[in-house]
Amino acid sequence: MAGCVARRALTVGSRWWSRSLTGARGPRPLCAAGGAGTFPPVATTTTRRHLSSRNRPEGKVLETVGVFEVPKQNGKYETGQLFLHSVFGYRGVVLFPWQARLYDRDVASVAPEKAENPAGHGSKEVKGKTHTYYQVLIDARDCPHISQRSQTEAVTFLANHDDSRALYAIPGLDYVSHEDILPYTSTDQVPIQHELFERFLLYDQTKAPPFVARETLRAWQEKNHPWLELSDVHRETTENIRVTVIPFYMGMREAQNSHVYWWRYCIRLENLDSDVVQLRERHWRIFSLSGTLETVRGRGVVGREPVLSKEQPAFQYSSHVSLQASSGHMWGTFRFERPDGSHFDVRIPPFSLESNKDEKTPPSGLHW
């Protein structure tokens, strides 16, 4: 295909896309193979061409949606930065950054002094290092294509005390690590389809990127800060399967004359090898400050037993846990199966469940 330099093909869900490997030669065209209003991101020439791929239906046409930029090695992306997710392939826009502490158990501490280890379990002592994540909006056109690999309603809130519903979700809201951002630019004044895009961002062609935060976004961030804040990230790799866990405190509720504390945790599984494996079982240990230790076993996760392959190496989901104490810990294993029928266990890095001492009433859905 003429003009396509250093092109890499990836599959996301049932769709096909490719991206150019940005380098010192500058930005490359970003195109999408669309159909019925859905344009999976593709980096290739600006000329519209018919392509053939075993992972992509015949007859799709490439349509330009933007131009790649060189990813930032240093510094942070600004509010309004458009991007492709390097793993899940969706289009998105950065709302604001979070500075998290990454506890990577693959990097053993060599210092003799006591390391910073909030989890408190396991033989390794892990020092946290600062790492940038971003609160982002996902393009609604891409949600159907990634729903089998990543939940698109994973950011949840507790409902108000007088509401019969337990949880609210904000569709198309995600947290993305700095290295997963593939930045691009677009001449479209509304390049991302999300009900909150124009409510949160204002087009300003004099700025770079040309989308600036409205007061609505700043107010929403301030009011919901305790329930959105990403503070700790835990990571560990076993037999080339990397597990990343991010816990979020959701608030406290009173039930039957006792306090119940709630947390959401987001888990990402990544296959760093070329061998195909399938998640079969989960085994959790949940310790509460009240002194209880609970064991949870079950098939798969969130009703699925995802396959991790070279073409689709990652799966991401969120779940919830409640304790009758203000803090606790969780750890455990995932059991995977190889094509030959053999099994192996992958460690889930231990992580702490901490509550906010100065908590206020959790928001009800979108809190303005």
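Not measured: the values here are computed from a predicted model. (Residues numbered from 1 in each chain as written. Predicted model: local features only at pLDDT ≥ 70, side-chain atom pairs only at ≥ 80, totals over all residues. Heavy atoms only, no water.)

Caption draft 1: View of the pairing of strand S16 (residues 241–255). Buried residues dominate S16, accounting for 12 of its 15 residues. Taken together, the 5 bridges between strand S15 (residues 232–238) and S16 define a ladder with antiparallel strand orientation. From the neighbouring strand, glutamate 236 faces S16, where its bridge partner is valine 243. Taking the residues between adjacent antiparallel strands as the criterion, S16 and strand S17 (residues 258–271) are bridged by 2 residues, where glutamine 256 takes a positive phi near 50 degrees. (Buried < 20%, exposed > 50% of the residue type's maximum accessible area, 1.4 Å probe, protein only. Helix = DSSP H or I, 4+ residues; strand = E, 2+ residues; numbered from the N terminus. Pairing = 2+ DSSP bridges.)

Caption draft 2: Quick look at unusual backbone geometry. For the bond running from alanine 208 to proline 209, omega is -5 degrees, close enough to zero to count as cis. Structurally, the position occupied by proline 209 is in the loop between strand S13 (201–203) and strand S14 (211–213). One non-glycine residue, glutamate 239, adopts positive backbone phi at about 50 degrees. With respect to the helices, strands and loops of the structure, glutamate 239 is situated in the loop between S15 and S16. Accessibility expressed as a relative area gives 48% for glutamate 239, which makes it partly exposed. In this structure, asparagine 240 is a non-glycine residue whose phi angle is positive, near 70 degrees.

Caption draft 3: Expanded view of the pattern of salt bridges. Tallying each qualifying case throughout the model produces 16 salt bridges. Arginine 105 serves as the salt-bridge partner of glutamate 236, at 3.4 Å between the closest nitrogen and oxygen. Of the two residues, glutamate 236 sits in strand S15 while arginine 105 sits in the loop between strand S7 (91–104) and strand S8 (129–138), which places them 131 residues apart along the sequence. Like glutamate 236, the residue arginine 105 is buried in the burial classification. Note that glutamate 305 is salt-bridged to arginine 299, the shortest N-O span being 3.3 Å. Here the salt bridges do not stand alone but share partners, grouping Arg280, Glu281, Arg299, Glu305 and Glu337 into one network. (Salt bridge = Lys/Arg side-chain N within 4 Å of Asp/Glu carboxyl O.)

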